[in-house]
Every structure is written in structure tokens, then in C-alpha cells.
Amino acid sequence: MKHSYYTFVGLMVLIVLLAACAPAAPQVVEKQVEVTRIVEKEVPVEVTRVVEVAAPPAAAKLETVKKRGYLICGCNNALPGFGYLEPDGSYSGFDVEFCRAIAAAIFNDPTKVEFRPLTAKERFTALQTGEVDVLIRNTTWTLSRDTSVGLDFAPTTFYDGQGIMVRKADNITSLEDLRGGTICVTAGTTTEMNLADQMRKRGIEYNHVVFETYDEVVAAYEDERCDAMTMDRSGLASRRTTLAKPEDHVILPEVLSKEPLGPATMHGDNQWNDVVSWVVYGMINAEEFGITSANVDDFLGSEDPEIRRLLGDEGDLGVGLGLDNRFVYYVIKHVGNYGEVYDRNLGPGTVFNLDRGLNALWTKGGLLYAIPFR
Amino acid sequence: MAPKSSVSTISSRVVPFWRDVRVIRILSQVAFAILVAAVAGLLYSNMKRGLETRGLSGGFDFLRLEAGFQIGEGIAYDPSDSYARAFLVGIVNTLRVTIVGIILATILGVVMGVARLSTNWLVNKIAAVYVELIRNTPLLVQLFVWYFAIILKLPRVKESIVLPGSIFISNRGMALPWPVPTASFRPWSYWLAAAAAVAVGLGIVCARGERRRGRPPFSRLWIGAAFVILPFLGWFLTPGGSPLLLNKPALQGWNYQGGLTLTPEFTALLLGLVVYTGAFIAEVVRAGIQAVPRGQIEAARAMGLTEGQTLRLVIFPQALRVIIPPLTSQYLNLAKNSSLAIAIGFPDLFNVAGTIFNQTGQAVQVIALIMASYLSMSLFTSLLMNLYNRRIQLVER
């Protein structure tokens, strides 16, 4: 009886504290002190806890990552060349290497990264809730994602466009030939909307089937449930290599949309977005200067002031970002410059053999133009 | 820790209110309610603050914006319609598969449940294998099997299986002839309504007579006859030709046009749900039948009732009382399991809502809408089943 009475009083106090929140709490506590001592002891603990809960979450992602000791990167696991889970459990791909580059910039160690495979549908929620620090998962930069979805994008790492793959035997040469046909799409992508837009614009009636993952889309296309499948052209090129007979399929020359793919961070943490952005710029700058993972050590102590600033021999550009002054050096040393990463994952030596195209440096007719390190 | 003085000074007669059991009970319940409310409030304010710091606005205004994406099947919809309309298409698709699924699963379950109790060795074993195999494998796996391993492996459109009566089966679905209303459908529908009214009226007269005299005044077949004869007469008496025309599917371009096409996604989901839930219902039915005392069956036999009569008049009415409550939860499971549709590309509520929240970023609101939709569907099903359950309960005297 007595025992339950004190528990009850204790409970009441706790409730009042929770309900009334911090300011009203001390008064209530004083009244209760007359009744029993147990409460007196519990109070300080409870008050601090309530205050802690009420405080806004710390926005400094960089500090969180440093304290944790590793980076959590949201990536794809089913898109060879961009983000792919290898049979041995490791991750490979173009996007994945940018995750490693960020880890290298922060920790001087590209292995200090944990990959979280995400579906197209899960990815934004994962970033919004802070489950991942950065999202590098062939994600298109759009206005609504920048605003209402609450993301901040870092510079585009891959300029892509949406394409359509069809079977050679069907003799389809343009979108018009797909009138009345069925097209397979993945859920929760800009692809779904682009397709609807293009077809509406041209007044083409079509059927479509929406699946949650790439694997299902490709399986349904292979079983001829669909006459065509659509995703980013790089994705099509990548998935074509996994088809039973890649040579039986063609990607239509038509490009349905602009798809600038790049890393995204959560809106409102500028410092963290700066870190991600300047890692990307650093890699592009390094390619402009011809600095690669093989020769980066030769460039240390260079005479060129631009290179000195880039590699941290001069100035405090890295420190300004909250990183080590040599962060670009670490990135280039461990991961390489933009061109190296591209060639290793998508270039001529790989099964994808994707032309640099728009992704060449601005000096070579592409769109890559890095902001100067000054 | 406990203060000793307070105990000794209290008179034994007058119990202070804080020692009164009744008061404590009430207060502790109030306290618990406040605690729950406080925790809920804390979670809510936390969520709200979280959304604000991320710059995600609350509210449901986004539902009025243009959806801009296509939906594979369902009621009339265009990408230029609003998100609200798209959501509605999803709800209707979910209802479609759920309602058809519940009816078919009940039939399959009852047949299999009875078969499991059959004395025929083969029938009994087939039912047992079905129940054990289906009940003990995950539904998602079964859906993949139905969709990717069975339906998508059917012949391609151009090599469709042709069944008599213009039915075409391919991995693009099953195309069937389907009646299409013509201009004279509207006048004819009055005949249909009249037929329904007459049938209901006859039914009431019949039931009343049975209650009074213990025997229906005329055969119940007349009710069915009225329902068939009136529309039949109307068919010929309505001016402007036949009110329904059979529209046959024909291969045009990539797909069959005309008639009714059951898409592979719908078919696979329906098959998956029916077969899966049917196995559980079979067990519920078996348990219900076995709960009827043996003596009842023996008594029925002793009275000379046939097997069918025993099942219909003695076993089922009593078994139903045991069957209905667990059957209700199976129905609810079927409705909720339909959200696995996304795995095989059927545009149900969950699938469409997923696209909406991905395009708008309003995850919390969309998830709340999804939950509210499933909740109201489930509560409505429960309500109907509980009403039915009350009707068939044993009236205790």
C-alpha cells in the first residue's frame, strides 16, 4: 500500500513535469516536497532530461560525423557502375567513390564510410531523418527537391538524361512507335513524371507498370511484360550489361529529360553542404591541373600558387571548411581526381564504356567547371 | 525513506483520501491517461519541430496540385489530375482487389476447410498439403512466384493462348469479352431496379409466411425467377436495341484492345492474396466445424438427414459462431496484405501514395493519409462482421 502510494506520487510529479514542461516545473516540485523526500531526489534528474529533449537538435553534421568516426552514405546497390553491391559484400561504383572521397577528406581514410543501400522511394526520408549523412544515389537535382523535399544539393557529378531501352526485334526507332505499348518504370523517380510529361506533350497513349526497384523493372522487361523500360541513360547502359543478351537491346537516341545527378545533404546545414561541395570541386580542379593519385606527391610543394592552395601548402582554405588543410590531397591520394574515378567505373576500360560527353571538363567541351580554390 | 509520523497520527476510522483505495484507483487511471497524453504530446511536438527545422511545411494543400504521373490501371485518371485524385485511384484499386479477394478467399477457404475433414483420403491430403504449404511460406515470396515465375512466363501477346469465347491469355494479362452499355442501357436499368424491388418484396412476404406457418407460402425459386424474368422481358421491350453489347478483345498494335483486360499485376496480386488467405480461412473453418459437438452430428444422422443437410442445417449454423471472429481478422489481414502490391507493380493505395510522397516530400502527411485509409477500411469491415456476428450468435434463454 505505502509502496504504491510513493510510486504514485513520484509518477504524478513526473507527469506534471512532462506536461507542464520546464518553466512551471520548480513550483510544482516545491509543493510536493512537503509530502515526501523521494521526490526531492528525483527532481533534478527529471528537469534536466526535459530540458534536453526540448533543445533543438544540433545541426552541425560535420561534428557528428567526426565524433562518430565514420561517414554514413546513402547509396544504390543495384546499379552497376554507379552503386553496386559486389558478391564479396563490398560496394563499387562512381557514386560510391564520392562517398569514399568525402570520408578521405574528413578522416584521411577512404574506408571510414558505412554504406546504406536505399531504394529510390526510401532515400529522401532517410536523409531527412538523418539516417544517412549524405545521399549519393544517382539523384536528380530538381527545384521541388531543393525546396519542399528539404534537400540541399552539392555540385552535379554526372550530367545524365532519361532514355528508353527497347528490344531490337521490335523495330522501334522513336517514342511515337511506342503508341499503345507498355513501359516499365521505377517508383519514386523523376523518370516516372518525365515519361508522363513527354507522352502528354506528344499526345501518345501508353500503358505503364511501376515497380519499386530496378531489379523488378528489368525482370519484367526481360519477360516481355513491357515493350520498353525507361531510366537514366547511364542506368540503361549499366543494366544492359546484366541482361541475358545485351546485344538484343538498344537505347533509343531520344533523350527525354535533363538529369543532373549529384550528392545531396539535408537542408539547413550549410557547413556540411560546403564540405561535400568542395570535395567534388577539389576533384574536378585536380583533374584540370592534371593531379592524379599517382603523381599527387610530386605536386606537394609546387611553385604554382593555385596548386599550393588546392593541396593545402598555402592558406587555410581547408580549415575554413572545418577540415584538415590538406583535405584535397587526401582525397586525390586515396581516391583520385574526377577523371580517374570516371574512367575506373564508367570509362573505356569498363563494360559500360560511357563516353565522357557532357561530363568532360569545360576545357574539353563538357560541362564540368570547378569553382576556384581561393 | 518513508516518513513514519504520518502513519501513526492518522485515526483508524477516517481514511484520508490519498489512502482510499477507490480514490487511488481513479487517480491512478487519471494519472496514466495524463502520462499517455503527455508522451503523445511530446512525440507530436518533437515531430512538428523536426519538420519545421527541415523546412517541411505541414498541411494537406499539396493534394490539390497536379500529380503529373501516370497510373497503370483503375478509374478514370489523367496525369493532369490532382494528387487527391491519384490517391483516390489508389484507394479504389485497393478496394477492388480486397473485395474480390475476400469473396474468393472465403469460397476457397470454406471448400478447403471442409475438404480437410473429408473422409476421402485424396481430398483430405490435397487440402492438408495446400494449407501447410501456403500457410508456412511468406506471402511476398508467393506473390513473386505468381507474378514473375508463373504469369510473366505465359506466352507473349502475339502467341496468346486462345480459349473459346474470345478469351486471350498472355503475359500481358487476360483479355475477356465484356458487355458495354449502349444508349438504351438507362431505360433498361429501370427494369433491373424494378426486378430487384419485386424480389425483395417477395422475399419479405416469404420470410413472414415462414415465421407464421413454419413453411414458406411459395417456393423460394420464385424470387430468383422474378429477378431473372423481369430484366429478360425488359431487354426486348426497351426501345433502341439491346442495352448491352458484348465487346470482344482484338489484338491491335502492342496489346489487346476492347473487352476487359485483367492485368498480370492485378491477377497475380488477387491470386496471391486469395490462395494465401484461403489457407488460413480453411483452418478457421475446420476449427469451427470441429467445435460442433459430435453428438449434434450423430443426432442429425439419427433423424435421417443427408450429409448435405447435416452440413447445411446442423453443422454450419453452429460452426459459424466460432468461425466469424477469426474470419474477420483474416479479412483484415487480406486488406492490409494488399499493400504488398508494390512489389509486383500493381498501383494500389500504398504504391500510388509512395510516388506522391516521393514527389512532394510530404512523408508525414502522406503516411498519415495511408494509415487513415487502411484504418477506416479495416474498421468498416470489422463493423460489418461484428453486426453479422451479433445476428448469428446463439440467443441464450
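Definitions and limits used
- Residues numbered from 1 in each chain as written.
- Chains lettered and ligands numbered in written order.
- Predicted model: local features only at pLDDT ≥ 70, side-chain atom pairs only at ≥ 80, totals over all residues.
- Pairing = 2+ DSSP bridges.
- Helix = DSSP H or I, 4+ residues; strand = E, 2+ residues; numbered from the N terminus.
- Axes fitted to C-alpha atoms, helices over the stretch in contact; angles between N-to-C directions.
- Domains from an automatic or database assignment.
- Nonpolar A, V, L, I, M, F, W, Y, C, P; charged D, E, K, R; others polar.
- Buried ≥ 20, exposed ≤ 12 C-beta atoms within 10 Å, placed from the backbone.
- Contact = placed C-beta atoms within 7 Å.
- Parallel < 35°, antiparallel > 145°, perpendicular 65-115°, else oblique.
- Left-handed = near helix turned anticlockwise from the far one by under 90°.
- Expected span 1.5 Å × (residues − 1).
- Bend = angle between axes of the 7 residues up to and from the residue.

1. A short note on the sheet that holds strand E3 (residues 173–176) of chain B
All names here are of chain B.
Okay, so step 1: Strands sit in the order E1-E2-E3-E8 across an open sheet of 4 strands; the sheet is antiparallel. Unpaired on one side and paired on the other, strand E1 (161–163) and strand E8 (260–262) mark the two borders of the sheet. Across the sheet, the mean angle separating the axes of adjacent strands is 20° when strand polarity is ignored.
Okay, so step 2: As paired elements, strand E2 (residues 167–170) and E3 share 3 bridges and run antiparallel to each other. Each residue of the ladder has a partner; that of Phe168, found in E3, is Ala175.

2. A closer look at the domain arrangement of chain A
All names here are of chain A.
Okay, so step 1: The assigned domain composition of chain A is domain 1 (2–54), domain 2 (61–157 + 262–364) and domain 3 (162–260).
Okay, so step 2: Each of domain 2 and domain 3 was reduced to a C-alpha centroid, and the two centroids are 29 Å apart.
Okay, so step 3: When grouped by side-chain class, the residues that make up the side of domain 2 that touches domain 3 number 9 nonpolar, 7 polar and 1 charged.

3. Focus on helix H14 (residues 327–334) of chain A
One turn of the α-helix equals 3.6 residues, which is why residues spaced by three or four share an orientation.
Residues and elements named next belong to chain A.
Okay, so step 1: Burial runs high along H14: 7 of the 8 residues are buried.
Okay, so step 2: Taken together, the buried positions of H14 are Phe327, Val328, Tyr329, Tyr330, Val331, Ile332 and Lys333.
Okay, so step 3: In this fold, the buried residues of H14 make contact with helix H4 (94–107), helix H10 (270–289), helix H11 (296–299), helix H12 (305–311) and helix H13 (317–321).
Okay, so step 4: Following H14 by one or two positions, Gly336 adopts a phi angle in the positive range, close to 115°.

4. A short note on the packing of H10(A) against H14(A)
Residues and elements named next belong to chain A.
Okay, so step 1: Interaxial distance between H10 and H14 falls to 10 Å at its minimum, and their mutual angle equals 65°. It follows that H10 is roughly perpendicular to H14 by the angle criterion. H10 and H14 meet at a crossing whose hand is right-handed. Across the interface between the two elements, Val279, Gly282, Met283 and Ala286 from H10 touch Val328, Val331 and Ile332 from H14.
Okay, so step 2: Partitioning the contact of H10 with H14 into residue classes produces 6 nonpolar, 1 polar and no charged.

5. A few points about the sheet that holds strand E2 (residues 78–79) of chain A
Residue and element names in this part refer to chain A.
Okay, so step 1: Pairing in this open sheet of 3 strands is antiparallel, and the strands run E2-E3-E4 from one edge to the other. The strands lining the two open edges of the sheet, one partner per strand, are E2 and strand E4 (91–92).
Okay, so step 2: As defined by bridge partners, strand E3 (residues 83–85) adjoins E4 across 2 bridges and the pair is classed as antiparallel. From the neighbouring strand, Tyr84 faces E4, where its bridge partner is Ser92.

6. Concerning helix H10 (residues 307–337) of chain B
All names here are of chain B.
Okay, so step 1: Here H10 spans only 36 Å end to end across 31 residues, well under the 45 Å set by a 1.5 Å rise per residue.
Okay, so step 2: Considering bend angle alone, the principal kink of H10 is centred on Ile315 and spans about 45°; proline Pro317 follows within four residues of it.
Okay, so step 3: Among all positions of H10, only Ile315, Ala319, Ile323, Leu327, Thr328, Gln330, Tyr331, Leu334 and Ala335 are buried.
Okay, so step 4: Taken together, the buried residues of H10 touch helix H3 (83–116), helix H8 (264–290), helix H9 (294–302) and helix H12 (363–392).

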